[in-house]
Amino acid sequence: MQRPKVTGSFGDAKKVRLAVAGSPIAHSLSPCIFSQLFALHGIEGEYIRIEEDGRRGLGELFSEYALDGLNLTAPLKSKYLDQLSSLSPVAGQLCAVNAISREPDGELHGENFDVVGIAQAMRYLGLAVGGREVILLGAGGAAAALLYYLTKAGARVWVVNRTAAHAQELIARIAPLTAHLGLPDRLAPHTLVCSTLPAGSEVPGFDWSQTGLVFDSVYAHSPLEPVVCPLGLSRVGSLEWLYFQALAFFHQLFGHRPEVPLDHAAVIGQLKELDRK
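Analysis parameters
Residues numbered from 1 in each chain as written. Predicted model: local features only at pLDDT ≥ 70, side-chain atom pairs only at ≥ 80, totals over all residues. Heavy atoms only, no water. Pairing = 2+ DSSP bridges. Helix = DSSP H or I, 4+ residues; strand = E, 2+ residues; numbered from the N terminus. Contact = heavy atoms within 4.5 Å. Polar contact = N/O pair within 3.5 Å; in protein donor to acceptor, adjacent residues only side chain to side chain. Buried < 20%, exposed > 50% of the residue type's maximum accessible area, 1.4 Å probe, protein only. Axes fitted to C-alpha atoms, helices over the stretch in contact; angles between N-to-C directions. Core = buried A, V, L, I, M, F, W, Y, C linked by side-chain atoms within 4.5 Å.

Focus on the sheet that holds strand 7 (residues 133-137)
Reading across from one edge, 9-8-7-10-11-12 is the order of the six strands in this open sheet, with parallel pairing throughout. Edge positions in the open sheet fall to strand 9 (179-181) and strand 12 (235-236), since each of these has one partner strand only. Bridge count for strand 7 against strand 10 (residues 191-195) is four bridges, and the pairing is parallel. Within strand 10, the residue paired with Leu137 across the bridge is Ser195.

What to know about the environment of Asn71
Assignment of secondary structure puts Asn71 in strand 3 (residues 69-72). Distance in space between the C-alpha atoms of Asn71 and Val20 is 4.4 Å, their sequence separation being 51 residues. In contact with Asn71, not counting residues within four places along its chain, are Ala19, Val20, Ala21, Phe34, Tyr47, Asn98, Ala99, Gln245 and Phe249. Looking at Asn71, its side chain comes within polar contact range of the side chain of Tyr47, at 2.7 Å. A polar atom in the side chain of Asn71 sits 3.0 Å from the backbone oxygen of Asn98.

Observations concerning the environment of Pro189
Inspection of the secondary structure assignment puts Pro189 in the loop between strand 9 and strand 10. The exposure class of Pro189 is exposed, given its relative accessible area of 59%. The spacing of Pro189 and Leu247 is 58 residues in sequence and 34 Å in space, taken between C-alpha atoms.

Comments concerning the sheet that holds strand 6 (residues 108-111)
Read from one edge of the open sheet, six strands run 2-1-3-5-6-4, paired in mixed fashion. Each having just a single partner strand, strand 2 (45-51) and strand 4 (86-87) make up the two edges of the open sheet. Inspection of the sheet shows strand 5 (residues 99-102) paired to strand 6 by four bridges, in the antiparallel sense. Considered in strand 6, the bridge of Ala99 is made with Glu111. Sitting on the sheet, helix 1 (residues 30-41) touches strand 1 (16-22), strand 2 and strand 3, and the angle it makes with strand 2 is about 170°.

Here's the deal with the nonpolar core
Within the largest apolar cluster, 65 residues are counted, with the highest numbers of intra-cluster contacts made by Met122, Leu147, Leu150, Cys194 and Phe215. By residue number, the principal contributor to this core is helix 8 (residues 238-254), which donates 12 residues. Those residues in contact with Cys194 that lie beyond four places of it in its chain are Met122, Val134, Ile135, Leu136, Leu137, Leu146, Leu150 and Phe215. Within the second largest apolar cluster, 18 residues are counted, among which are Ala19, Phe62, Leu76 and Tyr80.

What follows is the structure, given as structure tokens:
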């Protein structure tokens, strides 16, 4: 059943206020995406960044900033699960939320649009993962979404994390029969690496020359840059993922209007320009 639209959607005189919360957050390009979507759809809206490490409660954030909806990024995707009135099935299985909408009755509903964002980003980039060997770096909320998508798409996934117990718990929860802990004994040529390692992380050591492409969730200060750049490896996916998950949240809040043309390539191109500055 389709969720109710957020208070202040189409046809409402009230200005819509959305935000993204996490830490660090100053680098986030989400406001750039939503400002374009607001303009294209004729919505009077505002989208702000909130520096938050999880010390404040969810209700406090919605009240203090007068929010209608909220995106969550690291380290908050699993922080507020017990403070939500309801969760989508995917968010419940992943134990991770990246989008929260305030329902007309004031209740807070949690969604996870990372899986949709990953799927559409992979399709946009022409990446087929079925039958492919994949090394997944990390074991947090973004890694959960990637593991969910990759195993559903038929990839053979090895999960590598600094704390092996966290990786083991992730595998047991998402893909106990199809994913593996640690690195394979031997890397297949053109192994795909999917990384969710945040800035400042230690990058695992293995033969990166065997990898063909790196799908990275981090677009600002990725720890993979000094590793993959000298090898001439392409690091893709972060901005595409960001854009398509944002678009899915926007459609949930305001509905999908096919008559409004969306130039995905143009928006993603603008994000890349901003990211280079």
